[in-house]
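In case you want the letters, here they are:
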Amino acid sequence: PFPMAVGADAAHRLGDWDAADREAREARRLAEEIGQRGSIPIAMVIRAWVAAGRGDEIRARRAADDGLAVAGSAGLGSMVVFIRAALGLLEVGLGRIDSAIAELEQVERAAKDQGLDEPTLIPWAPDLVEAYLGAGRTDDARRVAVALDGQARRAGGELARALADRCRGLVAGSDFADHFTPALELHDRVPVPFERARTLLAYGSRLHRERRRVEARDH
């Protein structure tokens, strides 16, 4: 069940969400069958992330509750962080900004406490930047964006840098294109289509606010 859950995570990141959900569901069933319950939260966080990305609140919360119950009883604190991050994504996607901030601030504190510093392992920071901006908390959004940029530079991965550049573009002034352009160039090197789409959407939203509507529509 553990390598099956890892495969589900890879399928999720690569954009094959049907396969990710199917593999995670099978990993959870097999883990229960052979008594390897430590793999269950890993499988359920993938199911929660897929459902959250699709805006399917019922399935996302069902998967999250299942994973949290097992993770809590087994003392798997890092899995709780993963699951809470998925719920934060769900709330951002549904436009419930205050709830998103409440979830993601918990994730931020827990990630720091547990030393979870790699920015793509649990990609909560971009969601918190968006949530803070949605609440008009620009200074908080900028603080998280700056921290993410530092993490991305230390990690060095192209996806991490793309996410950091997206967030810098969201909090930037008139030079926002100087951040979104390299972000999209980095996305083109890494096959993670959902995050690339989110960067396109964020860029288009900034262009629209600047009344550059034809460019905004293209993105």
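Structure: above.
Each chain carries its own residue numbering, running from 1 in the direction its sequence is written. A pLDDT threshold of at least 70 governs which residues receive local features in this predicted model, and a stricter bar of 80 or more applies before side-chain atom pairs are shown or counted, although totals over entire chains, interfaces and linings include all residues. With hydrogens and water set aside, each side-chain value is computed from the structure's full complement of heavy atoms.

(A) Just the overall build of the chain, in detail. Broken down by element type, the chain carries 12 helices and 0 strands. Helix numbers and strand numbers start at the N terminus; a helix is a DSSP run of H or I with at least 4 residues, a strand a run of E with at least 2. Going residue by residue from the N terminus, the α and β elements of the chain occur as α-α-α-α-α-α-α-α-α-α-α-α. Here the globule rule reads 2.2 Å times residues to the power 0.38, and the radius of gyration is calculated from C-alpha atoms. Rg of the C-alpha trace for the chain: 17 Å, near the compact-globule value of 17 Å for 219 residues, within the 12% margin. Counting only C-alpha atoms, the chain reaches 55 × 35 × 30 Å along its principal axes. For the exposure calls, accessible area comes from a 1.4 Å probe over protein chains only, and a residue counts as buried if that area is under 20% of its type's maximum, exposed if over 50%, partly exposed in between. By residue count, 47% of the 219 residues in the chain fall in the buried class.

(B) Molecular detail of the packing of aromatic side chains. Here is the rule: rings of Phe, Tyr and Trp (six-membered ring for Trp) pair when centre to centre is within 6.5 Å. Planes less than 30 degrees apart are stacked, more than 60 are edge-to-face, and the remainder are tilted. Inspection of every chain in the model, using the stated rule, returns 5 aromatic pairs. Taken together, a centroid distance of 4.8 Å and an interplanar angle of 10° make the contact between Phe180 and Tyr203 stacked. Of this pair, Phe180 sits in helix H10 (residues 177–187) while Tyr203 sits in helix H11 (residues 193–209), and the two are 23 residues apart along the sequence. Each member of the pair, Phe180 together with Tyr203, is buried. Of the aromatic side chains, those joined through ring pairs into one cluster are Phe176, Phe180 and Tyr203.

(C) Focus on the nonpolar core. Think of a nonpolar core as a cluster: buried Ala, Val, Leu, Ile, Met, Phe, Trp, Tyr and Cys residues, connected wherever their side-chain atoms sit within 4.5 Å. In this structure, Ile46, Trp49, Ile122, Trp124, Val129 and Val144 are the most contacted members of the largest nonpolar core, which totals 68 residues. In this analysis, two residues are considered to be in contact whenever any of their non-hydrogen atoms come within 4.5 Å of each other. Not counting residues within four places of it along the chain, the set of residues in contact with Val144 comprises Glu108, Trp124, Ala125, Leu128, Val129 and Tyr132.

(D) Here's a closer look at the packing of helix H1 (residues 2–14) against helix H3 (residues 40–53). With axes taken as lines fitted to C-alpha atoms, and helix axes fitted only over the stretch in contact, angles between N-to-C directions fall between 0 and 180 degrees. With their axes 9 Å apart at the nearest point, H1 and H3 run at an angle of 20° to one another. When the axis of H1 is compared with that of H3, the two are roughly parallel. With respect to the hand of their crossing, H1 and H3 are arranged in left-handed fashion. Taking contact as the criterion, the partners of Phe2, Ala5, Ala8, Asp9 and His12 in H1 are, on H3, Ile42, Ala43, Ile46, Trp49 and Val50. Ten residue types, Ala, Val, Leu, Ile, Met, Phe, Trp, Tyr, Cys and Pro, are classed as nonpolar, four, Asp, Glu, Lys and Arg, as charged, and the remainder, Gly among them, as polar. Of the residues belonging to the contact of H1 with H3, the class tally is 8 nonpolar, 1 polar and 1 charged. Roughly parallel covers angles under 35 degrees, roughly antiparallel covers those over 145, roughly perpendicular covers 65 to 115, and oblique covers all other angles. Here a crossing is called left-handed whenever its near helix is offset anticlockwise from the far helix by less than a right angle, and right-handed whenever the offset is clockwise.

(E) The arrangement of the pattern of salt bridges in detail. Whenever Lys or Arg places a side-chain nitrogen within 4 Å of a carboxyl oxygen from Asp or Glu, that contact is recorded as a salt bridge. Under the definition given, this model contains 32 salt bridges. Measuring nitrogen to oxygen at the nearest pair gives 3.8 Å for the salt bridge that ties Asp140 to Arg143. With Asp140 and Arg143 both in helix H8 (residues 138–155) and 3 residues apart, this pair spans about one turn of that helix. Residue Glu158 is joined to Arg189 by a salt bridge in which the shortest nitrogen-to-oxygen separation is 3.3 Å. Note that Glu158 is positioned in helix H9 (residues 158–171) and Arg189 in the loop between H10 and H11, a separation of 31 residues in sequence.

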